[in-house]
Amino acid sequence: MFSLSPKPLSPSPFLHLPHKTHKNLYPKPPQFNHNNSPPNDPIHKPNHHTERGIEFDAGESFFRSESATGRDLGVLAAALYRMSTGGLRVLDALCGCGIRSLRYLVEAEADFVLANDANDECRRVILSNMWRVPRGLGGEKRWTVTHFDANRLMAECYLQRDFFDLIDVDSFGSDSTFLRSALNVVKLGGLLYVTCTDGFTSGGRRPYHSVASYGAYVCHVPYSNEIGLRMLIGGVVREASVLGYRVTPLFSHYSFHGPVFRVMLRVNRGKLHNDRHYGFIGYCTRCGHSQTFSWDKLGGINCPCDKENVLGSLNVLGPLWTGPLHDTTHMTEMLKLAEQWRWTSSGTGLNLEMLLKRMIDESDPELPPGYIKLAEITRVAKVNCPPIKTIMSTMHKEGYAVCRSHIVSNAIKTNCPMATCVRIVKELDGAQ
Ligand SMILES: C[S@@+](CC[C@H](N)C(=O)[O-])C[C@H]1O[C@@H](n2cnc3c(N)ncnc32)[C@H](O)[C@@H]1O
Ligand SMILES: [Zn+2]
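Residues numbered from 1 in each chain as written. Chains lettered and ligands numbered in written order. Predicted model: local features only at pLDDT ≥ 70, side-chain atom pairs only at ≥ 80, totals over all residues.

### Here we look at the sheet that holds strand E15 (residues 411-414)
Part 1: Overall, antiparallel pairing links the three strands, which are arranged E13-E15-E14 in an open sheet. Lying at the two open borders of the sheet, with one neighbouring strand each, are strand E13 (372-373) and strand E14 (402-404).
Part 2: For E14 and E15, the ladder comprises three bridges, and the chain directions are antiparallel. Note that in E15 the partner of Cys403 across the bridge is Lys413.
Part 3: With respect to the sheet, helix H12 (residues 388-397) is in contact with E14 and E15, its orientation differing from that of E15 by roughly 10°. (Pairing = 2+ DSSP bridges. Helix = DSSP H or I, 4+ residues; strand = E, 2+ residues; numbered from the N terminus. Contact = placed C-beta atoms within 7 Å. Axes fitted to C-alpha atoms, helices over the stretch in contact; angles between N-to-C directions.)

Here it is as structure tokens:
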């Protein structure tokens, strides 16, 4: 493993902390120490928030309370990583007010967090939040705050062979410049939590922008928000393969505010698996059917509804990630931990529970990319919409994989061909 740490040029941000051994595999819900008060600043206007019982000040930094679920998911994955490896060093490369850094320290019990934001006007507010966790000394330091451009910071870390178990890149838009830098400083077996907030590009409104950012041609399809996740994963797959690394998504999360596409990937040494999960998606604008294609089939693709390819009804997107959006085992562990921490029991917890359960269902490798909105099926079938549960149980009985999508409530993910979806819905309507 790359945990060599030669003497750093500057003492603060690049300190390596030896991993601690964590014996308790089933920890108590995270506790927060409210006794460490933030430094006083009479001029500063506080902007107080509480997330999972943790109080913090967002000040005038860029902060969205709607991103709390993305932070919950990141913390759960980080805590599982720390429990299985015995250590956790986190780089929060674009930390805003530092709430993620604080949560990685308090809830995931990170050994060390480097909280960085290019905007040094955030410094006072980040420190006021981080201060709540005793900082420690020398090699036992728990956290450090810096204000570098994230790419420059990661390049410095790389030069100093200072590697991290988890890198959180909470960036804006479709800025993919951080991907290569982050891959250079994540440990093998470590986690990379990446972001895209560019709904125009995932929605196919700037196909050449997606080519520039993620190496994928993206045009509009009805499940563009899932395409946003697949475009982002595909971009990391491409960057990783340049370095001889293979990445696999542990979870992929779409949130409509923003929109925000977030993906947690595990990074390992290796090659693309014969392009098995990195290929093309075809969407037929005539019948609404979707399929995946590998690179070697590109020359002869058409939709089953247009055998001679006369209509040219196929929109082709890619290359993108075409494999599962989540890892079933990992998601199941995340759900168990969320239950142990009582993050699923009430209020927003119920939303988290439903989300995690939907993600587990979506992780079925039988399910192809995309989702089908029920309105699209009933529009073609020209019938009223039967209840979603009835449609799903009929599909199950006919041997198809089917589940609900975490992205759109009135949509299903299924390997049932569109023509069969239409037939099923018509039959259910006729039976009423
Ligand atoms: C989406 S906000 C971060 C929000 C924060 N992670 C949270 O969960 O609340 C993005 C942050 O990136 C910072 N930023 C923008 N460009 C940057 C760069 N090149 N390097 C480091 N930080 C940058 C901004 O100042 C902003 O605070
Ligand atoms: Zn078709």
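### Here's the deal with the environment of Arg286
Part 1: Following the sequence through the fold, Arg286 ends up in the loop between strand E10 (278-284) and strand E11 (290-293).
Part 2: Under the C-beta neighbour-count criterion, Arg286 is labelled partly exposed, with 13 such atoms within 10 Å.
Part 3: Taking C-alpha positions, Arg286 is 8.9 Å from Asp306, a pair spaced 20 residues apart along the chain. (Buried ≥ 20, exposed ≤ 12 C-beta atoms within 10 Å, placed from the backbone.)

### Observations concerning the pairing of E15
Part 1: Every second residue of E15 is oriented toward a common face, with Ala411 and Lys413 on one face and Ile412 and Thr414 on the other, all of them buried.
Part 2: In terms of strand pairing, E13 meets E15 through two bridges, oriented antiparallel. Of the residues in E15, the one forming a bridge with Lys373 is Ala411.
Part 3: Linking two consecutive strands that pair antiparallel, namely E14 and E15, is a turn of six residues.

### Brief notes about the nonpolar core
Side chains that are nonpolar tend, in soluble globular proteins, to be buried together.
Part 1: Counting residues in each nonpolar core, the largest one holds 116 residues, and the members touching the most others are Ala78, Ile167, Ala182, Leu192, Leu232 and Val236.
Part 2: Counting residues per element, this core draws most heavily on helix H8 (residues 224-242), which supplies eight residues.
Part 3: Apart from the residues lying within four places of it in its own chain, the contact partners of Leu232 are Val194, Cys196, Tyr214, Phe261 and Val263. (Core = buried A, V, L, I, M, F, W, Y, C linked by C-beta atoms within 7 Å.)

### Considering the sheet that holds E10
Part 1: Taken in spatial order, the three strands line up as E11-E10-E12 in an open sheet, and their pairing is antiparallel. Strands with a single pairing partner mark the edges of an open sheet, and in this sheet they are E11 and strand E12 (314-321). In this sheet, neighbouring strand axes are inclined to one another by 25° on average, regardless of whether the strands run parallel or antiparallel.
Part 2: Pairing of E10 with E12 involves six bridges; the strand directions are antiparallel. Directly across from Tyr278, in E12, lies its bridge partner Trp321.

### Quick word on the pairing of E11
Part 1: Relative to E11, E10 runs antiparallel, the two being bridged by four bridges. Paired with Tyr283 across the strands is Ser290, a residue of E11.

### Focus on the environment of Trp131
Part 1: Inspection of the secondary structure assignment puts Trp131 in the loop between helix H3 (123-130) and strand E5 (143-146).
Part 2: Residue Trp131 is classed as partly exposed on the basis of its C-beta count, with 17 C-beta atoms lying within 10 Å.
Part 3: Sequence separation of Trp131 and Trp143 is 12 residues, and the distance between their C-alpha atoms is 9.3 Å.

### A closer look at the confidence of the model for the chain
The predicted structure's coordinates, where accompanied by low pLDDT, should not be read in detail.
Part 1: Per-residue pLDDT for the chain has a mean of 89; in total, 87% of the residues score no lower than 70.
Part 2: In this model residues 1-27 is a low-confidence stretch, pLDDT under 50, and it forms 47 contacts with partners more than four residues away in sequence or in other chains. (pLDDT = per-residue confidence, 0-100.)

### Some points on the packing of helix H4 (residues 150-159) against helix H5 (residues 177-185)
For any two helices packed against each other, one specifies the inter-axial angle together with the distance between the axes.
Part 1: H5 packs onto H4 with a crossing angle of 25° between their chain directions and a minimal axis gap of 9 Å. Classified by the interaxial angle, the pair formed by H4 and H5 is roughly parallel. Crossing geometry of H4 relative to H5 is assigned as left-handed. On H5, the residues that touch Ala150, Asn151, Met154, Ala155, Cys157 and Tyr158 of H4 are Thr177, Phe178, Ser181, Ala182, Asn184 and Val185. (Parallel < 35°, antiparallel > 145°, perpendicular 65-115°, else oblique. Left-handed = near helix turned anticlockwise from the far one by under 90°.)

### Structural notes on the environment of Leu272
Part 1: With respect to the secondary-structure elements, Leu272 resides in the loop between strand E9 (260-269) and E10.
Part 2: In this structure Leu272 comes out as partly exposed when scored by C-beta crowding, with 14 C-beta atoms within 10 Å.
Part 3: Expressed as a C-alpha distance, the spacing of Leu272 and Tyr245, which sit 27 residues apart in the sequence, is 8.3 Å.

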